[in-house]
Amino acid sequence: MKLDKRACRHASNVPLHISLNAGVLYTDRVKYLVTAAVKLLGGHRVLAVYFYECERLKANDRMPKWVVFQGKDDFATLERDAEGNVKWRDSMLENLVDESFYKFRESCVFYKGTDGVTISDFIHQSASGITILEALQVYQYGIRNKQAKKRRCKRDMGIVEKMKKVPAAPSNLARWIDRNVMPHYLFYSYDRNQPETQVFCTYCEKFSVIKKPKTGKIFVCPQCKQKAIAKAQGRRAAYHEDRETCQVIQKISDEELLIRIFKVRWAYKEKKNTPAKEIYENARLFIRVVGKEGTDTEAFYYDSSYDSTTHWRRGNRPRFSPYTSSYEADDTGAIYLPSLKRALQGTPWQYCALRQFYEPTKEAMQVSTYLRVYRRHPKLIEHLVKVGFERIVSDIVYRHGMGAEIDATQKRTHRILRVNKEDLAMLRELNAGVDTLKAYQQYVKLNLRGRQELLQWQLKNHVHTIPTQWFAYMTARKFMRYMDSQLPDYMQLKRAFLYRSPMEEAISTYSDYLQMCQGQNYDMKSSQVLFPKHCNEAHDELSRYIKKCRDEQTKRAFREVYENLAEKANLTSKKLQIVCPKQTDDLITEGQALHHCVGTYIERVAAKKCLIVFVRRVEELEKPFVTVEVSNGKIVQIRGERNSDPTKEVKKFVDLWSRKVLPMALQTA
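The model shown is predicted, which means the values in this text are computed figures rather than measured ones.

Enquirer: Help me get a handle on helix α20 (residues 535-563), residues and values and all.
Expert: The end-to-end C-alpha separation of α20 is 42 Å, in line with the 42 Å expected for 29 residues at 1.5 Å each. Those residues of α20 that sit buried are Cys535, Ala538, His539, Leu542, Ile546, Thr554, Phe558, Val561 and Tyr562. Contact partners of the buried residues in α20: α17 (476-491), α18 (502-519), α21 (584-594), α22 (602-606) and β19 (611-617).

Enquirer: Talk me through the nonpolar core; I want residue IDs and the actual numbers.
Expert: Looking at soluble globular proteins, one finds that nonpolar side chains tend to be buried together. The biggest cluster of nonpolar side chains holds 94 residues, and the ones touching the most others in it are Ile249, Tyr370, Leu417, Leu454, Phe479 and Tyr510. Examining the composition of this core, we find that eight residues originate from one element, α18, more than from any other. In this structure Phe479 touches Leu454, Trp457, Ile466, Phe471, Met474, Ile507 and Tyr510, once residues within four positions along its chain are discounted. Of all hydrophobic cores here, the second largest spans 32 residues; its members include Phe558, Leu576, Val615 and Val661.

Enquirer: Got a sec to walk through the sheet that holds strand β7 (residues 185-188)? Specific residues and values, please.
Expert: Note: strands within a sheet are paired through backbone hydrogen bonds, in either parallel or antiparallel orientation. Pairing within the open sheet is mixed, and its five strands lie in the order β9-β8-β7-β11-β10. Bordering the open sheet on either side are β9 (207-211) and β10 (218-220), each of which pairs with just one other strand. Sheet twist, expressed as the average angle between the axes of neighbouring strands with direction ignored, equals 45°. As paired strands, β10 and strand β11 (residues 227-232) are joined by three bridges and run antiparallel to one another. Bridged to Ile218 within β11 is Ile229.

Enquirer: Could you give an account of the sheet that holds strand β15 (residues 294-302), naming the residues involved and the relevant values?
Expert: Spatially, β16-β15-β14-β13-β12-β17 is the arrangement adopted by the six strands of the open sheet, whose pairing is mixed. Both outer strands of the open sheet, β16 (312-314) and β17 (334-335), are each paired with one neighbouring strand and no more. Strand direction decides the pairing type here: strand β12 (residues 239-253) and strand β13 (residues 256-269), joined by 14 bridges, are antiparallel. By the bridge assignment, Gln250 is partnered in β13 with Leu258. Lying on the sheet, helix α7 (residues 173-180) is in contact with β12, β13, β14 (276-290) and β17; it crosses β12 at an angle near 130°. Helix-sheet contacts for helix α10 (residues 367-376) involve β12, β13, β14, β15 and β17, and the interaxial angle to β14 is about 15°.

Enquirer: I'd like a rundown of the pattern of salt bridges, residues and numbers included.
Expert: Within the structure shown, the criterion is met by 32 salt bridges. Between Lys87 and Glu79 there is a salt bridge; the shortest N-O distance is 3.8 Å. For Asp254, the salt bridge is made with Lys251, and the minimal N-O distance between the two is 2.9 Å. Residue Asp254 is classed as partly exposed on the basis of its relative accessible area of 41%. For Lys251, a relative accessible area of 30% translates into the label partly exposed.

Enquirer: Tell me about the pairing of strand β3 (residues 66-70), and name the residues and values.
Expert: The buried count for β3 comes to five of five residues, which makes it a mostly enclosed element. Of the two faces of β3, both are covered, the one formed by Trp66, Val68 and Gln70 as well as the one formed by Val67 and Phe69. Two strands pair when backbone bridges link them, and strand β2 (residues 44-53) and β3 are joined in this way by five bridges, in the antiparallel orientation. Bridge assignment links Val49 to a residue of β3, and that residue is Val68. Across five bridges, the pairing between β3 and strand β4 (residues 75-80) is antiparallel. In the strand pairing of β4, Val68 is matched with Thr77. Between β3 and the antiparallel strand that follows it, β4, lie four residues.

Each value, and the rule that gives it
- Residues numbered from 1 in each chain as written.
- Predicted model: local features only at pLDDT ≥ 70, side-chain atom pairs only at ≥ 80, totals over all residues.
- Heavy atoms only, no water.
- Helix = DSSP H or I, 4+ residues; strand = E, 2+ residues; numbered from the N terminus.
- Expected span 1.5 Å × (residues − 1).
- Buried < 20%, exposed > 50% of the residue type's maximum accessible area, 1.4 Å probe, protein only.
- Contact = heavy atoms within 4.5 Å.
- Core = buried A, V, L, I, M, F, W, Y, C linked by side-chain atoms within 4.5 Å.
- Pairing = 2+ DSSP bridges.
- Axes fitted to C-alpha atoms, helices over the stretch in contact; angles between N-to-C directions.
- Salt bridge = Lys/Arg side-chain N within 4 Å of Asp/Glu carboxyl O.

Right, dumping it as structure tokens:
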């Protein structure tokens, strides 16, 4: 029943006839007087609750502030402001005011004792006094929930129709999961004195005898010939649970697939060798073809508490954080294989090689992402999977995407991977991924001899990158032999390497050493230069030598800056004097004495990027006082002790120096 608002508007004009001298109007606690009546409006019985504001009544405004019209299936509130303007509100009783509903209820008083009874009889609730307003609020809340459910049911009819297309789940799904997905155990009681031990197999649920079982080791059950994990009863917890995810792919049409996500739980309780098994479906992903290469994914998840025509809700299952794992929201798992060929038959994914990609490792995977990427690169992914490069396909689909290391325009495998034909067998044997392929492609570009051995050596020593520019001076075999000879010097420092292996640290040091040698114009063809006996010591010695030479050059350039400037930049007053530094140590001493960072400006001054001068007191010329930085002919900083601002006297003196002395000094310097 919908309220007749026109009839309700006429019924709202009910003034309250009360004496303005009534004491209830002047009570601090009471803000509203409430009356109630049941009226026939639009052919239906409607409860009208009138709220009169005491402040308005005292001003002789006898019309109600709010009139709540309550029907059996609907409600509405007519609000009147102080100027007499009215408007309709759909808010519940608790939302009429900004304060809490408890305070609002306590500030209301029924004008007559029968008003509360009128409300109570209409909503069929027994309550005494003003608390009946709380029962009315609950009654409105129930109506609002029914209205929301009605809207949900109408909105979810599309989901109901879509779910009707879903075929039945495979009849042998539980048995297949038990056989191929879930782990099984051989439970036994440990006895070190017994050569043979009786075990219980959770797969065939039979007892058998094996020799010397060990917890965590995989054995074959003598009865069912299935692999199972040995687990001693003493090592077994009171409650053990295995949880896995299984994905079933089904065909909806030639242009649409359905991925059904099933959650599996095997629970082993204390003193029970047979688990309690639970399999339930908690998500569905509809993947539909869009355009030539695109796909559209529509996700639904099952919510048993969802009150509508269906428990399936649109979207992905909410999780606490996108950066934390959630078993219920995870759509990565095993793939149900028996019906896979039939599901893909006749669809754009018919030749996607999903079985060949999954079966070698049977690692949990996200099928929806694989199918989406396959639509963009169908021939490439099919080809690489069928020739045995599943690891590279996995990196393309789940990690790197399609990068420059893959040439998708080619048809031959070695050209797709940008390597030589004779390299394919080695890369396949190493189960190379995209990172390994990138490293190897650098060796192929150089046409490096022994590159296959170098790649295997690199992977064995857990080295991410090897600088290839040094192979212009040495062969790969000489590089490996030399680095192997240097490794013992770095093994003792292994604990200090948090993110790199000792061999990678050795290579990094060696590359730095060769770079310094190249910068010093050493003979890079000399074996004495290329292969020092102890690379670490040679690196440190050469580094100290270069630093010493650089320091000498910096000091010389620093002195040259002030040679012609010192006399011309001088300025003296009665109390202050400008002093130029003579050597680099002067800046260091100044910074240490005044506790600021001028000591780090040595290289900038030597490179003529700035100029540093000192302000000293005339009576204490050797004692640091204020430091001035000049850049591009202008004063940039004036800093005293601990970077404090200078006094007005110093500012005035430096300003005079910058105007009268500095321009001429820089011009002649």
